[in-house]
Each structure stands twice: as C-alpha cells, then as structure tokens.
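# Notes for the structure review
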Amino acid sequence: MAELAAGILPSGDPAFNYQEHELNERLKHLYPAVNEEETPLPRSWSPKDKYSYIGLSQNNLRVHYKGHGKNHKDAASVRATHPIPAACGIYYFEVKIVSKGRDGYMGIGLSAQGVNMNRLPGWDKHSYGYHGDDGHSFCSSGTGQPYGPTFTTGDVIGCCVNLINNTCFYTKNGISLGVAFTDLPPNLYPTVGLQTPGEIVDANFGQQPFVFDIEDYMSEWRAKIHGMIARFPIGERLGEWQVVLQNMVSSYLVHHGYCATATAFARATETLIQEDQTSIKNRQRIQKLVLAGRVGEAIEATQQLYPTLLEHNPNLLFMLKCRQFVEMVNGTDSEVCCLSVRSPKSQDSYPGSPGLTPRHAAGNAHLHAAGADSPTCSNGVTPPAKSKSHGFTGGVKYASVSSSSASASSSTSSSPSSVNYSESNSSDSTKSQPHSANSTQETSDSEMDVEAEHYTNGVVEGSSARIMNGTYKHEEILQPDDNSIGNGVTNDSCSNGRQLCGGNQAATERMIQFGRELQMLNEQLCREYGKNTTHKKMLQDAFSLLAYSDPWNCPVGQQLDPTQRESLCSALNSAILVSQNLPKQPPLMLALGQATECVQLMARVRSGSCSFARVDNFLH
Amino acid sequence: MACLLEAPLRISVLSEVTATSRHYVDRLFDPDPQKVLQGVIDMKNAVIGNNKQKANLIVLGAVPRLLYLLQQSSSSPELRTECAVVLGSLAMGTENNIKSLVDCHIIPALLQGLLCPDLIFIEACLRCLRTVFISPVTPVQLLYTDPTVIPHLMSLLSRSQRTQEYITQIFSHCCKTPEHQTVLFSHGAIQNIAPLLIYHSYKVRMQALKCFSVLAYENTQVSMTLVNVLVEGELLSQVFVRMMQRDQPIEMQLTAAKCLTYMCRAGAIRTDDSCVVLKVRLSADLFTLIIVGASLSNVAPSSPTQALPCLVRMCSKEHLLEERVEGAETLAYLMEPDVELQRIASTTDHLVAMLADYFKYPSSVSAINDIKRLDHDLKHAHELRQAAFKLYASLGSNDEDIRKKITETENMMDRIVSGLSESSIKVRLAAVRCLHSLSRSVQQLRTSFHDHAVWKPLMKLLQNAPDEVLVMASSTLCNLLLEFSPSKEPILESGVIELLCGLTQSDSPALRVNGIWALMNMAFQADQKVKVEIVRSLGTEQLFRLLSDPDSNVLMKTLGLLRNLLSTRTHIDQIMSSHGKQIMQAVTLILEAEHSIEVKEQTLCILANIADGNAAKELIMTNDDMLQKIKHYMGHSNVKLQLAATFCISNLIWNEEDVQAVVNSDCAHKGSQERQDKLREMGFVDVLHKLTQASDPNLCDRAKTAMQQYLA
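Note that the structure is a prediction, hence the values are computed from the model and not measured. (Residues numbered from 1 in each chain as written. Chains lettered and ligands numbered in written order. Predicted model: local features only at pLDDT ≥ 70, side-chain atom pairs only at ≥ 80, totals over all residues. Heavy atoms only, no water.)

Per the UniProt annotation, the sites labelled "repeat: ARM" (unreviewed entry) are residues 61-97 and 538-580 of chain B. Secondary structure within residues 538-580 of chain B divides into 81% helix and 0% strand; the distance between the first and last C-alpha atoms comes to 16 Å. (UniProt positions renumbered as here; feature names shortened; annotations may be inferred. Helix = DSSP H or I, 4+ residues; strand = E, 2+ residues; numbered from the N terminus.)

The next point concerns helix α19 (residues 321-335) of chain B. Residues and elements named next belong to chain B. Here α19 contains 15 residues, and its C-alpha end-to-end distance of 21 Å stays within 8% of the 21 Å for a straight helix at 1.5 Å per residue. Counting buried positions along α19 yields twelve of 15 residues, so the element is predominantly enclosed. For α19, the complete set of buried residues consists of L321, E323, R324, V325, G327, A328, T330, L331, A332, Y333, L334 and M335. (Expected span 1.5 Å × (residues − 1). Buried < 20%, exposed > 50% of the residue type's maximum accessible area, 1.4 Å probe, protein only.)

What follows concerns the sheet that holds strand β8 (residues 136-139) of chain A. Residues and elements named next belong to chain A. Taking strand neighbours across the sheet as the criterion, the seven strands line up as β1-β4-β13-β6-β7-β8-β9 in an open arrangement whose pairing is antiparallel. Across the chains shown, the open sheet's two edge strands, defined by having one partner strand only, are β1 (45-50) and β9 (145-146). For β1 and strand β4 (residues 76-80), the ladder comprises two bridges, and the chain directions are antiparallel. Note on β4: the bridge partner recorded for K50 is V78. (Pairing = 2+ DSSP bridges.)

Right, let's talk about the pattern of salt bridges for a bit. This model, assessed by the stated rule, comprises 44 salt bridges over all chains. E517 of chain A is the partner of R510 of chain A in a salt bridge, and the nearest nitrogen-oxygen pair spans 3.8 Å. Connected through salt bridges with shared partners, the residues D216, E220 and K224 of chain A together with R246 and E318 of chain B form a single ionic network. (Salt bridge = Lys/Arg side-chain N within 4 Å of Asp/Glu carboxyl O.)

Residues F240, L607, I620 and I630 of chain B are the most contacted members of the largest nonpolar core, which totals 239 residues. Among all residues touching F240 of chain B, those that are not within four sequence positions of it are L197, L209, F212, A256, C259, L260 and M263 of chain B. (Core = buried A, V, L, I, M, F, W, Y, C linked by side-chain atoms within 4.5 Å. Contact = heavy atoms within 4.5 Å.)

A word on the pairing of strand β12 (residues 175-181) of chain A. Residue and element names in this part refer to chain A. In terms of burial, β12 is largely enclosed, as five of its seven residues are buried. Alignment of strand β11 (residues 167-172) against β12, held across four bridges, turns out to be antiparallel. Paired with C168 across the two strands is F181, which belongs to β12. In sequence, β11 turns back onto β12 through a hairpin of two residues, with N173 there showing a positive phi of about 50 degrees.

At the junction of the two partners, chain A supplies 14 residues and chain B supplies ten residues. Of the roughly 1000 Å² buried at the junction of chain A and chain B (both faces included), carbon and sulfur atoms supply 50%. A per-residue breakdown of the area chain A buries against chain B is headed by I175, D216 and E220 of chain A, which together make up 41% of the total. Across the chain A-chain B interface, the total number found is three salt bridges. A salt bridge links D216 of chain A to R246 of chain B; the nearest nitrogen and oxygen atoms lie 3.8 Å apart. (Buried area = accessible area lost by both parts, 1.4 Å probe.)

Take the UniProt feature "domain: B30.2/SPRY" (unreviewed entry) in chain A next. Per the UniProt record, "domain: B30.2/SPRY" (unreviewed entry) is annotated on residues 23-210 of chain A. Helix makes up 4% of residues 23-210 of chain A and strand 43%. Its end C-alpha atoms lie 12 Å apart.

Attention shifts here to the packing of helix α40 (residues 624-634) of chain B against helix α41 (residues 639-652) of chain B. Residues and elements named next belong to chain B. Interhelical geometry of α40 versus α41 gives an angle of 135 degrees and a closest axis separation of 7 Å. Taken together, the axes of α40 and α41 are oblique relative to one another. Seen along the crossing, α40 lies across α41 with a hand that is left-handed. Counting all contacts with α40, which are made through L627, I630, Y633 and M634, the residues of α41 involved are L641, Q642, A645, T646, C648, I649 and L652. Here the contact of α40 with α41 is built from residues that sort into nine nonpolar, two polar and no charged. (Axes fitted to C-alpha atoms, helices over the stretch in contact; angles between N-to-C directions. Parallel < 35°, antiparallel > 145°, perpendicular 65-115°, else oblique. Left-handed = near helix turned anticlockwise from the far one by under 90°. Nonpolar A, V, L, I, M, F, W, Y, C, P; charged D, E, K, R; others polar.)

Residues and elements named next belong to chain A. By the definition in use, this model includes 22 aromatic pairs over all chains. Between Y51 and Y53, the aromatic rings sit 5.2 Å apart at their centres with planes inclined by 85 degrees, giving edge-to-face as the arrangement. Here Y51 falls in the partly exposed class, since its relative accessible area comes to 24%. Above the face of the W221 ring, K224 is positioned so that its terminal group lies 3.9 Å from the ring centre. (Phe/Tyr/Trp six-rings, centres within 6.5 Å; stacked < 30°, edge-to-face > 60°. Lys NZ or Arg CZ within 6 Å of the ring centre and 35° of its normal.)

This is the structure we're talking about:
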C-alpha cells in the first residue's frame, strides 16, 4: 500500500511524507477489507477528471473555481482519482469550505464516471449532491429537495456512503444530517462542484482526523452485522450443526496429529475418529522429524511406513532431499549432526515447536502469541493428567505395531521412543538442557544451536502451509539411535558460532557427497519427467549456500530458517493423508479458506457488508 | 384454612386443584425438618412457571408458613434458602401475588434475613426482594422504614456478583424522590456503585448505570459529585460517553445519555462545547485547579453534545417504542434551556420529520396483520404522542426557524389541535406545551394558528382542566390575545373575559399571572367596549386586590393592565371619572411602598397616562402630595424613573391644540396655562432645566420638549 501511494504522488517534502504516512495508516485502519491493488481508494481529486473551470492545488486536495460564474452553465465539477470500493462497507470523506466565494453555489456529493463535469453534482443521472446555497439535496435531478441547513465559509461538510444498504448521509460540522439518498448505484466517485468565482474547498480523504465520529458509526454497523451472523437462524438443524462442528474440530486435531487431544475430544463428544491411532502417531512422528530439521530420518521413516509414497511422489522426494541438503548445511540433519555431536538429545533445534500452532492464511500475528511465548507448555490443549494416561495406552499400541514392523529395519526408534513417549507428555523442551549437560563442550554448542534457531512463530508470512505439532515434546521420541548412523564419531575441535555442517569435516564431506547424489537425482528426474524449473531453482538456491562463508547471513540464507520446514512438513503430511485416502486438508481449514474467499467475492460483487464480516474478526 | 375458602369466587377453582396444592402446604407442617425441606423443594419445582399453582398456594396460606420457616433460626440454612427461593418464585407471578406477599410482611422478614452470614441465603433473599421491589404495586417506602437497611445493603454490595446485581436493581427502582436520593447518596451510593460501572458482567454494569440515572435526576448535589468521580482513573462522564458508543446495547446507550443529561441539567456539565469557549474556559479552570484544587467539572464539556446525537438516534424508527419515548423525553429535557442545543438537534438526522412518525401508531398495517402488534401499538400510542409533543415544544421554544420547520411538518397543526382534546391528560398537557412553544412566534400566530382555529380547542381545554394544563393553556392564550393575533377577535367573542377574570382569583400564582396577563394583552389598544367589559367583569375590588398581590409578577401585569386601560384620552377620562379616586389611592400606595424599580416605573407610566387625560389631569394637579412625589422621581438616581416622571410632567403642562380640544380650546388653553404656572411655582421648571443637561439623551430630549411647552 505504501509503495502504491508513493507511486501515485510525488514525494520529497518531509511534512507531506508524514501526512502521506498518516493517510495510509488511517485508510488501512478505516477500510481494512479493501484490497488496494484491486480497488484503490480515493486519495485526492483527479487532475484529469475535471472541468476546465476547476483549479487544483495543495497535492490536488484544494479545489478552486476559475470560470466566469455567470450562470449555471458555468458550473464545474471534479471527481476523485478512484471510485469508492464496495469493500469499504462504510466510506466517508469531508470537505471544508475555505471560502464561499461570490454566491456560495457549492455542491458536495457523488457521481459515476462519465457524468458531465460542466454541472454541479446532483443535477444529472447517476449524480448526487448537497448544495450550500439552499441546503437542498439533489438526487439526479435539476430540482432539489429540502434536506439540511445551508453551509458556508468555515463549515465542514462530510459525506458518508453506506455500501451495505446503499444510502448516503451528510454531516455538517460533525453533526449527522440524516439520510439524503437511497438506492445508490455502485462505483461512485467523491465529487465536488463549484459555480461562482472565489469558491474554494479543501478535501479530507483521511489526511486528517475527521470532524464527525465515523468510527462510531462504523462500530454500529459492525455490531449489526456481527449480530446478524450470530443470530443466523438455524432452526431445527441445531443438532445437525453441532455434529458438523464437532467433526470439524475432531478432524482438525487428527489432521495435525494432536492425538491425545483428539481422543479426549472424541470421548467427550462421543464422536468417532476416522483414522486409527497408529497412523496418526506415525504422521506426527514424521512431521516432528521434518520440523526438527532431521529430514533424512523423516525420509527414512516415510519410506518405511509408507513404502510406495515417495516413489509415487518424486517431486516431493526431491523437495525433501533438497531440504535435507539445506539441513546438512545447517548442521541439523542427523546424517551430519550425529557426526559432530555426541548427544543427539541436545539437538533439539526446534524448541519452539511444541508451541507451534497452525498458521492461518491471514497470518494474524496474535493468533500465535500464546504458542510463541510459551515454548515450555504443551500448547495448553491437553491437561497433563489426561494426556499421560492416554500417552500410556498410545505408547503400548505403538510399541506393538512397531514391533511388528521392526523387522523391516534396524534403524527405527520405535521401541525406545514408545517408552519415552508415555512419559514425556508433560515434559517440556527445557528438559533438553539437562539432557545435554553430559558434555560440557557440546553443551555450549548445543545451547548455541538452540538459541540461534529459536524463533517466535507466527512471524513468517504465511504460505498456505500449516504446520502442526502435537502436544508431545519430540526430543525424546526423536532420540535417534546413534547406532544406525553414528559410525565413526570424529569429534573435532568445535569452535563457537554456527559453522557449516556443525563445523565437522566428515560431515562436510558427507554433505558434499549428498549434494552430488541430489544433483544426480535431479538429472534423473529431468530425464524421466522433463525439465522442471522449480527443481532447478531449488537446487541452485540450496547449493548457493556453499558459496558464502556465513551461509546464515547471505542472500539465500533465508532457506536455513527453521520456519522454512513448515511448508514441506505440511506437504508431506498431506501426501501421506492422500495416500491413506484421507483429505489432504482438514475440513476446518477448508471452511475457513472458503469463508475468506466468499468475503473477498462479496467485495467483488459489491456487497458492502463484507467489510464487517471478515473472517479474522471471528478468529480469536 | 377453611376460612380462606369463604371467598365465593375461588371455590370453584379451588375444588379442583386444592387437593394437590394443599398437599404441598400440608408438608410444610411436617414435624420432621428433613421432610419439610423436601416439601419446600418439591413446592419450588411445582410453582416454577405456573401462575395458577402460585395463586393456589398463596390462597392456601403457604406464605406465612414459608416466612415462619425462613425466619426461624432453628431452621437449617438449606431450608431457609429454599423458602426464600419459593417466595421469590411466587413473587414472579402476577401483581396480585406481590400484593399478597407484601401484605404478609414479606419485606421486613427478608430484610431481616440479610443479616444472616450465609451468602447463599442472602442472595436468595435479595433476589426475592428485588422481584418484589421492581413491581409497581410495592410501596418503595418500605425500603426506607428501617434506617439500618440502606447501610447494610451498601455493605453487602461487595459480597458477590449477585448481590451487586440485585441491590443495584433494588436501588434503581426504589429511588423515586429527592429524599430517597439523599438517603442513598449520604450512605455512599456513589462511591460504592461507581466501580460497578466497569464490572465485567453486563447486568451489573447496566443496573449500576440505572442507579446513577435515578440518583442524578434533578439533583444538583449528586450531579456535582458525579462529575468528579474517577473510575480507575477515568472521569465518570467519560465512562458514560463510552457507554453511549453505537456498538453498545441500546439500553445502555440510552441510560448513559440520561445520566449525562441529568448531570447537564443540574448544572454539573456545561452545555456548550464549542472549541473556543472550551479553550478559554480550560485555561481559567486549570488556574483555579492549581490554586484551590477545585473540581474538573467544567473541563469535561463535550458530553452533552455527545449525548444529543445519541438521544436523537434513539428517536429513530428502528428502535423499540419504549426506547423512542424515553429518548424523545430525555432529549426534550436536555435541550429545554439551551437554544444552541435546540438548533443542533433540529438539524440532526431529520429529527423534526422523524418525530412525525410518532403519530402513526397504531398504523393501519398493524391493525390488519397482527392483533398482538396492534395491542402493543395501542398501549404506546399515547406515550409516543406526548413524547413527540414534548420534544417539539422543547425544540421550538426559542428559535423562529425551528418553529417554522415544525409547523410545516405534515399535518402538524391538525395533530396539535386533536391532541388538545385527547382523553389522556398527558397528551393534552404535552400538546398544549407544544402549542405554547409555537405561539411565541409572531408569524405562526398570524398564519397557522389562525388557519387552524387553535383557539377553539384551547378555549374548550380552559373550561375544565387540571391546574398544570390550565397554566400552559392560559399562557398560550396570552399569546393568542396579543394585538396582532387574528385569533384575538373570535376569542373575545367566545366570552373569554369572564374566564380570565376567574383565573385571577385562583390560588395558583402562575394562573393569576396568566389571567391578568391575558387581560392586559387584551386591553392593549382595545375598543372602549372591551375595556369597559374588562373593568366591569373584573371589578375594581379584585383589581385593587391584585395590586397588593404578594407575587410581583401579578402586580406588574395588573399595572400593565391599568396602563393599557388608561390609554386613549376619552377612555382615560371615562375610567378616571368613575374609578379615579381608588386608582390614585392605589398609585400613591405603590409609590410609597417598597417596590422594585420596574414596578415604580410602571406606576409612574400610569400616572403619565392619567396626566394625558383631559379631565383626569386635574386629579393629579389637585394632589400636591402626588406632585411632590413626581418631583422626587424626576431627581431619582434611576434614569428610567426620571424619564417616566418627566413624561408625566410633560403631559401635565402640554399645550392642548389637538382636535379633541378644539371645542373647548379657550378653556383648555387656559387650563394649561394655569397648570404651567402652578408647576413653575412648585419648582418644576428648575428641575426640568437641570434635566436638559442630563447625560441620558432620552431624558435630555424629554426635558427639552417639556420646556418648549413653556415657551409656546
């Protein structure tokens, strides 16, 4: 929005820039639903859309008359730069009468594009005005109706367009004069008209605070529309609705793997969970691995649990591998981190994750506040006692399942994790510190990592990625078994600060080798499926990291940010769900997305109430 | 209990239900307290929402027993609480139920119960008390009979959310007189209730707000205190302003606006908030603040102008009829004394046109479609009409343009005319107030008033009406009798003089003033016939009684009447020839007594008029005492009196040359010469000479003209 404004108006004058800034702030505050890229707001009078008898000055906000002013044939008008967007809901601008000139034949109002400018607003079809000399309102007619008081030098006249019921009222010096017009057509421009020499008026499209308390008026309509939504009649279908809502909540919890919460919820509401417990937990485990930056393990686990999944999704596999490479640079992937760090437990590089909550498309920062500032609590959804008991049963189940699959590979962490799992429900990420205390050298190292990668979540602009995590801490589940990979632990002198692959030589070599493999995979994919520019770009970006001495502070360093794992995590989760014939998006998010779309659609079809029915008004 | 069945009407009803109902009552007498408790609980479940059952139990005498159990200290807390709950449930029924409960002395029993330490029991008692007190049939005085009750209720306020809700609700319903306000105020109602305005529960906030509105109503002491109350660092008036925001519930907006209105009318908040005035006042106030640490009362001025648009909104069609009535009445009260607020309101949201809708109930649509709605509309139709009239009266009380706007509203005059003869006293009073307000307009008197012959219903109203209506009607009549009013003639012919003379004998000073005032207006430049009729009808005795009326307004208007009666020369002579002696006597008395400058001036003007008569002159000329008095007033320190006295002398020495005197010109001329000589002898020429040097130009001119008569 700021860029847009700068593009339209000349800048340079600091006072003007300040005013511009204030205007942007006020417009954003008053009309949050307006997408200015689609429908820009009026910010000044248009130097192009005016009659020749009109002169503009003061950044096109001041209008003066420069014609002869002999009779009504000398009337002249000017329109604002843009029509009023319907998404404003309620739109308001004010005009101050600087001078009434000779006769004070001034008209303030609205007109559609193309209406003759050699006229005062209100005289023609699709033109509406309130005139100062007689106080009459003119509704597309040469004869006015008695409306309000007359106005003259020093008065501030406001014009409010209600795009919800398509009416308009004026204000004089902050006092509402009552409805002037009804059944207004869409796409009207703020318009003023003057007719005699000496007439000067200044517009305020939000540059200054308004004399009339428009926000109070808006709040009334907001309350009305919210009331309408809240009281929407559902009649006999109350029970039906309740079931739908419960299913939505339940499926959402399941989707993101809030296993214990989902079970508790299902028990309380006597609903059924579609997916079985094991499946949920498997997904949860894989997600945690991705979020912890241990992509290699995640790939392995996926291949083991869903053998054909990645085969059928080569693109996904490629993305995962790319990420794995990035994580190697980061020093978080287990293939490299276990080479450098003895205690994998301390490698919890995603301490914020227990607090992670799904990010909604709106990217509303406060949504995440609770999660973000309490990394030690398990999202506050599951009472510890409950989750503990559940964790126990869950753990048992898991153990039995995993034991059956244990034969597949020696690398699964199933058995130890299931045990830890049941204990860890009420534990928190701070525990990682005592765990890591077994080696002083590494402690400092791992703490560094923790610090460096700790971030508050919700700050990143949201893609459609939804990352979740369960109520469980993952450091215990994710204890990787060193045995599987942990061959040849060469603990070299680890310097402080972040280093490539954790600063380990062997790890670096492993990374380079992995890079080659990745390159080969890409070539193979190209042969099989044709060139893929996205892949190429991804690969380039990932390899570019090696070109910098400090990859974390380089132009492509963004990739190393742990939040970048979220979209991938979500994609993998969705892919697994699809492979299990489950919806790839939870219905709740679908509904939310649909509602958001609907509101945007309302703006496009010029239904003003969209302004006060915004989805984020209802997300607390 | 058999005796209760004697009521003949109830027998048939009872015979069917007595059996079950009696069973409930009988169980209250069980010797086993546990069974009694169960009995009360069963009774509670049986009466909920069942008015018939409630009535039956009351008739069967359950109330005294329940009260007995409630008061018995041997009863278990559960039992006592359940008793209070059942009683509360019984109170929820019809008004008759409440009457029966009050007759059984439920109020003192429950108030006594509040002394118990058990909070649950206290809450049950309060809930029942609340239900009883909010009923219109309960005498509110019962809350104040025991002086310890109010302080105790104040102390209970902090106990729980329920006690807060119930107690504030009781207060807001039981504060009906200035005495009640004082009692509550002196027991710290403001300090105790103010924090509840920002309490999280809406019900508590709302009841607290209502308390403030009833406390502040026409009460300067409370209002002045309220201005300085801070709630969590915020001025109370600002809290009220916040409550008026448009997204708040209508009830809250309306009540907050009422609070501000009452504070404003009590003089605690200023009505103007124009920026300039505010800034000037602000600096002055801050200065005082520093010096004496005085109140912030004048620094929070914008509230009434924020209350005004809020109240105008309440008048709009989209609100409930009750809200529209309250909104209009409050708005009328707010702007009554302030022309600036009247002007603002008259342009806000088409208020004048909006009020026309108040007369459209019940609408023809509602009558056909919906019986319930018709009933509702009918009930409120009177209230709506009177509220609209009141608001119109207030709007038009000062500004000519607004009056014009009102009379131009569709069918406005017809509505007033029919309002004057409506059955409801309230509507008649409001309609006549509205008419009175509009009658202050010369233009309206000449046009719409005459076109619609408003004098007819007005005269009818004057024949037989309560005093308050009579005051307004006669005051309106005064304006209708003004000389330029075309209605004056027809009114005269309808025998109004008798009626007005009757009013001058009223006990009410306001009615006496209006009566004599109307006569005064009527006598202004009137025909001889009318004047004679007035004098005859009023009778000199009554006229002189009025000249010694304790009310100075009455005196002033009576003098005005005399002055108007004594206007043209022939009339003067005629009246003075028959009543000269008494009039001179009365004039002497007034001039000698302690009276205001205005009264004396008016009296001197009467003398001047007398001096203008041909024969009447002699009454003064032969009265040396009177001449000395005139001389005295010519030298008075007040210019007005000097002027009037000089005028009188000027008339006495006037050289008669006009047509009237032609017949007797010699005689007249001779007369004037004689008078001039006599006055010269008495030293008037010297006085006049001195007055030609006076600093006041009028006085100077008048003296010079008089002197010229000597030269002629």
